[in-house]
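Each chain, letter by letter, is given below.
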Amino acid sequence: MDKIKVKYQLKNEDWKPSPITALATSIDGSRVAASREDGSLELWLVSPNTIGWHCQLTIHGDPNRIVSSLVWCPGGEKEFPHGRLFSSNIDGSVSFWDLCHLKQTMVLESNGVSIWQMAVALSKSDDGETNGVHMENGFSKRFLNGFDDHEDSESDEDSDSDSPEVLKQSSLEGPRVAVAFDDGCVRIFTISDTNEFIYLKSLTRVTGRVLSVAWSDDAKFIFSGSSDGIIRIWNAKSGLEAHRIPARLGGDSGHELCIWSLLYLRSGTLVSGDSSGSVQFWDCQLGVPSQEPITRHKGDVHALAAAPNHNMVFSAGSDGKVVLYKLSSSTMEKENWVYVDYKKGHSHDVRALTVAVPISQEDSWPVENKKSRYEVKPDDSSYRKWAHSGHPMLISAGDDTKLYAYAVKEFTGFKPHCICPVPQRTPIQVALNTSFNQAPMLLLQSSHWIEVRLLHLKNVRRTGDYAKAESVGRFKIKASRKIICSALANSGVFLAYSDNEKPILYKVERSEAGKMTWSFGKRKLPERLPTAHSMIFSHDSSWLIIAGLDRRIYVVDANSSELVHTFTPFRESRDDGLSPAEPPITKLCTSSDRQWLAAVNCFGDIYVFNLETLRQHWFISRLDGASVTAAGFPPQNSNVLIVTTSSNQVYAFDVEARQLGEWSVRNTFVLPKRFHEFPGEVIGLSFPPSSTSSSVMVYSSRAMCLIDFGLPVNQDEGEKLHTQDSIVKSSPKINGKKRTKFRKNFDNVEVLPLEKKNFDNFEVLPLEKDRVLYLSHISNSLFFMIEKPWSDVVNSLEVQPVHRHIYGT
């Protein structure tokens, strides 16, 4: 298929995702939390039977507090169904991550000493016995066979750090947390129902840094590993050292040996990973090695994880490898662990591992006897062959900013699956027909700056032509702040952004007297407007709409800067004077006639507001329990709202009538299998500008799909789909031909012709392997997309590939 190309080179800093520092799986195993070096935290839904995992929400935390470890705890005031999430931070503080309000709250202020790791176990019950539940790999598991209690006969008073008040606190029904500090001390805290960290005791300070910590299953022992190469086993009740294990078995190598990770197995075996690249297995009862160390890494071993049945252990490190060790099937009484295999999906250091067990009840695809014309023979390493409900997954992440999933039970048989091909996709907005001679304007957002560029597309007339772009303005913020969201008006006259302190509005003007110059006048917004999770301008550019951190929606007149109205989203009719109780709004879209505003919260509920009457018009509960990935109003019919979900469903709502549209009643629950197998998660919608068009272009970072609501939906033969089926495979070729590769080292605004005769309804067009960041129609027959080669992104990362020490003083 011929195409007109517009080549446009972006700077490397335009998309620079941040390394992942820690992972943890929720109590119920349904979600994985990932912290990034820029202070943000992502919550990913564990998704079997789908190529694209869904990032349910992002919390933009303090960029000056780098997370060193994450733990989930049960309980709390609201009995959070997935558990409560806490992080230790390199600056020595501890944070609570409020997943309902998308906020980071300090629950333990820093005392100036860095924290390397935390580990959590449930505290004692009323009878003084532990309940046998241990938090391992981020999720809880009830173990029945802990190792024998080697507790000494000393009374509680024999420990200098114990006091009557401390002992009273230790009997509380709440999780206990062991915290590894840089000053060589392990401190024990309990977590109250109000998320307070209550100090219990400190273990004896040791030489060097305490880098890793773990609990025994019965919570009677604490294990710590330090930078002096020694593993210590502590009696959790008395605080005394029970065993001291030197990990450097081969003698002094002349440098520090760092014990980066510890993992306790319910058989009583302790596993350690260290800076020599070795994984060692220890007999906790005797405090001696149970076998020779296994050295399969060519650098530091940063993380360990175990399969739920504890017969497999995984390690990851600075060589980018994830290694599997398996318990030998020998009949000998003594345990013997053997190296099995490794996988290498990462290009940089792997910092974190966790195990998740999907609990989704999504049905697998029915076996079809007859192949459809869209079917592609599945790859032996395809994700859909092993990613099923109840099958444990190993998740890895690190400096290359990506997350990978592995089949725990069939680790050797399948390749790593990339969960997020486009991590932290840079926000891009385009205003096609601005007030400045209808010239398109591009808004790029980074963590600490936003930039407006003018795109020159009018001279693009044939294949191979190039478009020029000029920067017309760039705004930087203080390093202590972080830009959360931004918006560009369709007219190009206004732009706005919000950092973690307040929203800001600018008016754009151009002077053509003599040399053309651009100016940006800062407009004063109403006082006390909160930080925004999302913002958008109305279609006519007259109103700025802000979804605030306080869960209200503010409508501001862009010209006068006056507050027009404040919406309080609700699911049931009530007085607007009440405090908002709904989850935060993270997506906004408006209709072209400025009548409707659709707001989507972080869990997938939709609120529709009438901007003429300034009242909430409709509440749409989350669709099949899925999250909303994209939404928009077609310019041809402002009463229609198109929504795509994380389960690869498409809905068309009749907003005026408050009901599912006629098209959706007929087709939504029987969409073609090829769309449910759409490569990657939908990230956007693009509507043709024609008043007679009835189509939308749905796109991900890897493919696009043209949906015409005026044409019939042709199902594949023998196909019957469940509403939440979401399995992805390789997409079909268009007209039997692959798209021609036309560039190697450039990022592009690429303009392509769209001829309806080339597409069947719901046919999927694979995009280039380079990541698509944005796609939009220029006319009914042309659209452009912005891509960026992943190799360029990797080269722009500030960290170096493999063998990077993660601390230094």
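Reading guide: rules and limits
- Residues numbered from 1 in each chain as written.
- Predicted model: local features only at pLDDT ≥ 70, side-chain atom pairs only at ≥ 80, totals over all residues.
- Heavy atoms only, no water.
- Buried < 20%, exposed > 50% of the residue type's maximum accessible area, 1.4 Å probe, protein only.
- Helix = DSSP H or I, 4+ residues; strand = E, 2+ residues; numbered from the N terminus.
- Pairing = 2+ DSSP bridges.
- Disulfide = S-S within 2.5 Å.
- Phe/Tyr/Trp six-rings, centres within 6.5 Å; stacked < 30°, edge-to-face > 60°.
- Lys NZ or Arg CZ within 6 Å of the ring centre and 35° of its normal.
- Core = buried A, V, L, I, M, F, W, Y, C linked by side-chain atoms within 4.5 Å.
- Contact = heavy atoms within 4.5 Å.
- Axes fitted to C-alpha atoms, helices over the stretch in contact; angles between N-to-C directions.
- Salt bridge = Lys/Arg side-chain N within 4 Å of Asp/Glu carboxyl O.

1. Thoughts on the pairing of strand β29 (residues 393-398)
Two faces belong to every sheet, and in a regular strand the side chains alternate between them.
Alright, step 1. Among the 6 residues in β29, 6 count as buried, and that is most of the element.
Alright, step 2. Side chains Met393, Ile395 and Ala397 of β29 all project onto a buried face; the interleaved residues Leu394, Ser396 and Gly398 project onto the opposite face, where all are buried too.
Alright, step 3. Linkage of β29 to strand β30 (residues 403-407), two consecutive antiparallel strands, is achieved through a turn of 4 residues, within which Thr401 is found at a positive phi near 75°.

2. Quick notes on the state of the cysteines
Alright, step 1. Under the defined criterion, the tally for this structure stands at 0 disulfides.
Alright, step 2. Cys418 provides the cysteine sulfur closest to Cys420, a residue in no disulfide bond, and the two sulfurs are 5.5 Å apart.

3. Some thoughts on the packing of aromatic side chains
Alright, step 1. Within this structure, the stated rule accounts for 26 aromatic pairs.
Alright, step 2. Aromatic pair Phe189 and Phe197: ring centres 5.8 Å apart, planes at 45°, arrangement tilted. Neither residue differs from the other here; Phe189 and Phe197 are each classed as buried.
Alright, step 3. Arranged with centres 6.4 Å apart and planes meeting at 75°, the rings of Tyr651 and Phe669 form a pair that is edge-to-face. You can see Tyr651 sitting in strand β50 (residues 650-654) and its partner Phe669 sitting in the loop between α2 (662-667) and α3 (673-676), a full 18 residues away along the chain.
Alright, step 4. Since its relative accessible area comes to 4%, Tyr651 is described here as buried.
Alright, step 5. Judged by its relative accessible area of 36%, Phe669 is partly exposed.
Alright, step 6. One aromatic cluster is present, formed by Phe86, Phe96, Phe189, Phe197 and Tyr199 through successive ring pairs.
Alright, step 7. Sitting over the face of the ring of Tyr342, Lys321 holds its NZ or CZ atom 4.3 Å from the ring centroid.
Alright, step 8. Over the face of the ring belonging to Trp543 we find Arg594, whose NZ or CZ atom lies 3.9 Å from the ring centre.

4. A few points about the nonpolar core
Alright, step 1. Ranked by size, the top nonpolar core spans 26 residues in total, and within it Ile428, Leu442, Met704, Tyr774 and Leu775 carry the most contacts.
Alright, step 2. Elements with a contribution of two residues or more to this core: β32 (428-431), β33 (441-445), β34 (449-456), β53 (695-699), β54 (703-708), β57 (771-777), β58 (782-788) and α4 (790-796).
Alright, step 3. When residues no more than four places from it in sequence are discounted, the contact partners of Tyr774 are Ile428, Gln429, Val430, Tyr699, Phe784, Met785 and Ile786.
Alright, step 4. Membership of the second largest hydrophobic core comes to 22 residues, among which are Leu23, Trp386, Ala407 and Phe414.

5. What about unusual backbone geometry?
Alright, step 1. Its identity as a non-glycine residue notwithstanding, Asn195 has a phi of 70°, on the positive side.
Alright, step 2. Owing to a relative accessible area of 11%, Asn195 belongs among the buried residues under this scheme.
Alright, step 3. Phi angles above zero are rare outside glycine, and Ser541 is one such case at about 70°.
Alright, step 4. Within the secondary structure, Ser541 sits in the loop between β40 (532-537) and β41 (543-548).
Alright, step 5. Judged by relative accessible area, which is 5%, Ser541 ranks as buried.

6. Digging into the sheet that holds strand β7 (residues 94-98)
Alright, step 1. Taken together, the 4 strands give an open sheet; going across it, the order is β5-β6-β7-β8, and neighbouring strands pair in antiparallel fashion. The outermost strands of the open sheet, each flanked by one partner alone, are β5 (67-73) and β8 (103-108). Across the sheet, the mean angle separating the axes of adjacent strands is 30° when strand polarity is ignored.

7. A look at the sheet that holds strand β25 (residues 312-317)
Alright, step 1. The sheet built from 4 strands is open, its strands ordered β24-β25-β26-β27 with antiparallel pairing. Each end of this open sheet is capped by a strand with a single partner; those strands are β24 (301-306) and β27 (337-343). Across the sheet, the mean angle from the axis of one strand to that of its neighbour is 25°, orientation sign disregarded.
Alright, step 2. Pairing between β24 and β25: 5 bridges, direction antiparallel. Among the inter-strand pairings, Val301 is bridged to a residue of β25, identified as Gly317.

8. Focus on the environment of Met441
Alright, step 1. Tracing the backbone through its elements, the reader meets Met441 in strand β33.
Alright, step 2. C-alpha separation for the pair Met441 and Arg453, spaced 12 residues apart in sequence, amounts to 5.7 Å.
Alright, step 3. Those residues in contact with Met441, other than ones at most four positions away along the chain, are Gln429, Val430, Ala431, Thr434, Phe436, Val452, Arg453, Leu454, Val472, Leu488 and Gly492.

9. Examining the pattern of salt bridges
Alright, step 1. Inspection of every chain in the model, using the stated rule, returns 23 salt bridges.
Alright, step 2. Of the charged contacts in the structure, one is a salt bridge between Lys482 and Asp38, with a shortest N-O distance of 3.5 Å. With a gap of 444 residues between them, Lys482 in the loop between β35 (468-476) and β36 (483-488) and Asp38 in the loop between β2 (31-36) and β3 (40-45) connect regions that are remote in the sequence. Residues Lys482 and Asp38 agree in their burial class; the two are buried.
Alright, step 3. When the shortest N-O distance is used, the salt bridge between Arg571 and Glu582 registers 3.0 Å. On the criterion of sequence distance, the pair formed by Arg571 in the loop between β43 (563-567) and β44 (585-590) and Glu582 in the loop between β43 and β44 is long-range, its members being 11 residues apart.
Alright, step 4. In this structure Arg571 comes out as partly exposed when scored by relative accessible area, which is 38%.

It is worth stressing that arrangement in space is one thing and function is another; only the former is reported here.
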